[in-house]
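Residue-level structure breakdown
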Amino acid sequence: MRRTSASLVAGALVAALAWASSPSSPAVAHDPATGVADLTQDINQILSDSRLTIARAGVVVKSAATGEELYATDAGKLLTPASNTKLFTSAAAVDTLGLDYRFPTTVLGTGRRIGSALTGDLVLRGTGDPTMLAEDYDALAAKVAGAGVKVVTGRLVADDTWFDSQRLGNDWAWDDETAYYAAPISALTASPDRDYDAGSVIVAVEADGGKVKVSTTPETDYLKIVNKATVGSETDVLIERQHSSRTVVITGTVKDPYQEWVAVDDPTAYVSSLFRRALSRHGVKVLGRTVTGAAPEGAKELARHESMTLGELLVPFLKLSNNIHAEILTKAMGRKVADQGTWSAGLKVSTDFAKANGVQVINMRDGSGLSRRDGFSPASIVQLLTAVRAKPWFTTWYEALPIAGNAERFVGGTLRSRMRDTPAANNVHAKTGSLTGVTALSGYVTSADGEPLIFSIMLNQYLSGSPKDIEDKIAVRLAQFSRDNATAEAVQLRATDQGAAGDLECSWLKPVQC
């Protein structure tokens, strides 16, 4: 994870401490009529954009200092939130699990040790760690070898029972099944990179002489690669896993190197193959076959790996809007509170947390917002954002939100190319949300007067043309808001290059790397 400069950290800390102050802190007295009326007029003007003529738009703006509602339209309407759902999941997870929570992955042995032989099974047990890399499984295998085990007479048992066996969300679209952002959820999983895209493999192609060369990260023989691509005058290639299979078919032409993130069909089986190969590399031979099941009582621990803390995981989770982190944390909450690693148990924890903090209108179907049956109102989101300011973990959570216009990938996140060179840059801390026909932006901004504001912008059912610039214009206008001035400067936005991602946030289309 990248480091930020001392000055940036210091500035961010000052801002975070300001946001963590009590919501009831006194505000400077002003005649609110002119400034608020001007703000209302400007937001109404922004929302009059023709792209929203047949769309639904809900917007709420509130002063965090006074609790005053500065603007509202369709505040109580249930709208599709997309990844704004992660605001609720992340806040509930931190409150339930704690910032110091870690995911352990362990290797256990059954039976007896006779010299260098383990006369029983070797068990790999997971609890959902989304940060496990192939090198971490290799390190576990090295520890097993280091413990003196050279032969396992029994089986390799993959214990993923910390979570249930439901891999995909109930409402997830069939055509998303092979996409890395909708990868199956398991208590045993692996990531190919330090974005921690759990449950996926990077498949890369390049022209090598007159042929197309294919490689994977990590190196694995779990996937069956069918390479039908040819070298051509341009790169126009499709890398796609066939549904409900391990087969990846590559078609089209390749000139320049290209890579695609592909979800595996069964993360537990995939991890088992990685671990078995790692054991072999370290001289540990498992005589039995690979199976799934729970570790028996009395199995002795041979090796352990623990993830980074949840406080650290919040950064890739929220900055890059990682769907899989959201779903794993949902099941982890269910496991802790109800001893059930299920969506239903975890979602109850999230909704109970929201209700306990004054949120009324909410319908959570998953943890990430991938479901189109998720429903929130802008007022509910603002209520959550208001309530969490009093939490002891707020500063860490607030800093993990994407920061507008900051080019550092693990600072700006999904807002890194938006609102640059405006009063909102390095000011707005907010969660993005994107599905086809859905966009949302909710979070915090400090006004021109230094007044902390909380906002939620939800735009649904637009037909064409991304309206993210509408969200940006509102956020910039809030950064310009002054109770002293009846008129603010005209909203100026630096042109934002959405790139090939169109109306989807960059985390949904990995090769774009926007």
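For the structure, see preceding data.
Conventions used here
- Residues numbered from 1 in each chain as written.
- Predicted model: local features only at pLDDT ≥ 70, side-chain atom pairs only at ≥ 80, totals over all residues.
- Heavy atoms only, no water.
- Axes fitted to C-alpha atoms, helices over the stretch in contact; angles between N-to-C directions.
- Helix = DSSP H or I, 4+ residues; strand = E, 2+ residues; numbered from the N terminus.
- Parallel < 35°, antiparallel > 145°, perpendicular 65-115°, else oblique.
- Contact = heavy atoms within 4.5 Å.
- Nonpolar A, V, L, I, M, F, W, Y, C, P; charged D, E, K, R; others polar.
- Pairing = 2+ DSSP bridges.
- Core = buried A, V, L, I, M, F, W, Y, C linked by side-chain atoms within 4.5 Å.
- Buried < 20%, exposed > 50% of the residue type's maximum accessible area, 1.4 Å probe, protein only.
- Polar contact = N/O pair within 3.5 Å; in protein donor to acceptor, adjacent residues only side chain to side chain.
- Phe/Tyr/Trp six-rings, centres within 6.5 Å; stacked < 30°, edge-to-face > 60°.
- Salt bridge = Lys/Arg side-chain N within 4 Å of Asp/Glu carboxyl O.
- Expected span 1.5 Å × (residues − 1).

1. Details of the packing of helix H3 (residues 85-97) against helix H8 (residues 343-356)
Following both chains from N to C, one finds H3 and H8 inclined at 90°, their axes separated by 9 Å at the closest point. The angle between H3 and H8 falls in the class roughly perpendicular. Residues Phe-88, Thr-89, Ala-91, Ala-92, Asp-95 and Thr-96 of H3 form the contact with H8, whose participating residues are Val-349, Ser-350, Phe-353 and Ala-354. When the residues that make up the contact of H3 with H8 are grouped by side-chain class, the tally is 6 nonpolar, 3 polar and 1 charged.

2. Overview of the sheet that holds strand E7 (residues 151-152)
Taking strand neighbours across the sheet as the criterion, the 4 strands line up as E4-E5-E7-E16 in an open arrangement whose pairing is mixed. The open sheet has two free edges, formed respectively by strand E4 (112-114) and strand E16 (285-286), since each of these has just one partner strand. Sheet topology note: the E7/E16 ladder contains 2 bridges and is parallel. Each residue of the ladder has a partner; that of Val-152, found in E16, is Val-286.

3. A look at the nonpolar core
Ranked by size, the top nonpolar core spans 65 residues in total, and within it Phe-88, Leu-310, Val-388, Trp-397 and Tyr-444 carry the most contacts. Here this core gets 7 residues from one element, more than from any other, and that element is H3. Residues Val-107, Val-271, Leu-274 and Ala-303 belong to the second largest nonpolar core, which totals 39 residues.

4. Brief notes about the environment of Glu-240
Mapped onto the elements of the fold, Glu-240 is located in strand E13 (residues 236-241). Under the relative-accessibility criterion, Glu-240 is labelled partly exposed at 41%. For the pair Glu-240 and Val-203, spaced 37 residues apart in the sequence, the C-alpha separation amounts to 9.5 Å. Each residue touching Glu-240, except ones within four places of it in the same chain, is listed here: Thr-247, Val-248 and Val-249.

5. Considering the sheet that holds strand E22 (residues 438-446)
Whether parallel or antiparallel, the strands of a sheet pair through hydrogen bonds between backbone atoms. Spatial ordering of the open sheet is given by E2-E1-E23-E22-E21, a layout of 5 strands whose pairing is antiparallel. Two strands close off the open sheet at either side, each with one partner strand: strand E2 (69-73) and strand E21 (429-435). The sheet shows a mean angle of 5° between the axes of neighbouring strands, direction not considered. As paired elements, E21 and E22 share 7 bridges and run antiparallel to each other. Across the sheet, residue Gly-433 finds its bridge partner in E22, namely Ala-440.

6. Some thoughts on the side chain of Ser-186
Within the fold, Ser-186 resides in the loop between strand E8 (156-159) and strand E9 (200-208). Its relative accessible area of 1% is what places Ser-186 among the buried residues. A distance of 3.1 Å separates a polar atom in the side chain of Ser-186 from the backbone nitrogen of Leu-188. Excluding its chain neighbours within four sequence positions, the residues that come into contact with Ser-186 are Gly-128, Asp-160, Phe-163, Arg-167, Pro-267 and Thr-268.

7. Looking at the packing of aromatic side chains
Evaluated as defined, the whole model comprises 10 aromatic pairs. Seen from their ring centres, Tyr-398 and Tyr-444 are 5.6 Å apart, and the 65° between their planes marks the pair as edge-to-face. Taken together, the residues span a long stretch of sequence, with Tyr-398 in helix H10 (residues 394-400) and Tyr-444 in strand E22 at a distance of 46 residues. Grouping residues by exposure puts Tyr-398 and Tyr-444 together as buried. One aromatic cluster in this structure is built from Trp-393, Phe-394, Trp-397, Tyr-398 and Tyr-444.

8. Some thoughts on the environment of Ile-457
Looking at the secondary structure, you find Ile-457 in strand E23 (residues 452-460). With relative accessibility at 0%, the residue Ile-457 sits in the buried group. Spatially, the C-alpha atom of Ile-457 lies 8.4 Å from that of Thr-439, the residues being 18 residues apart in sequence. For Ile-457, the residues in contact, after removing those within four places along its chain, are Gly-58, Val-59, Thr-439, Ala-440, Leu-441, Ser-442, Glu-471 and Ile-474.

9. Section: helix H6 (residues 310-319)
Counting buried positions along H6 yields 9 of 10 residues, so the element is predominantly enclosed. Considered for burial, the residues of H6 that qualify are Leu-310, Gly-311, Leu-313, Leu-314, Val-315, Pro-316, Phe-317, Leu-318 and Lys-319. If you follow the buried residues of H6, they end up packed against H3, helix H7 (323-338), H10, helix H11 (409-412) and E21. A positive backbone phi angle near 55° is found at Ser-321, which sits one or two residues after H6.

10. A closer look at the pattern of salt bridges
Tallied over the full model, the rule gives 24 salt bridges. The salt bridge involving Arg-277 is made with Glu-219; its shortest N-O contact spans 3.8 Å. Here Arg-277 is found in helix H5 (residues 267-281), whereas its partner Glu-219 is found in the loop between strand E10 (211-217) and strand E11 (224-227), with 58 residues between them in sequence. On the basis of relative accessible area, Glu-219 is assigned to the exposed category, the value being 62%. A salt bridge links Arg-304 to Glu-301; the nearest nitrogen and oxygen atoms lie 3.2 Å apart. Residue classification places Arg-304 among the partly exposed positions, given a relative accessible area of 35%. Each of Asp-49, Arg-51, Asp-469 and Lys-473 takes part in one network of salt bridges that share partners.

11. As for H7
Across its 16 residues, H7 extends 23 Å between first and last C-alpha, which sits within 8% of the 22 Å expected from 1.5 Å per residue. Burial analysis of H7 places 13 of its 16 residues in the buried class, which makes it a mostly covered element. Two to three positions downstream of the cap, the backbone nitrogen of Ile-324 sits 3.0 Å from a side-chain oxygen, assigning the N-cap of H7 to Asn-322. Asp-339 sits one or two positions beyond H7 and adopts a positive phi of about 55°.

The values are spatial; any link to function lies outside them.
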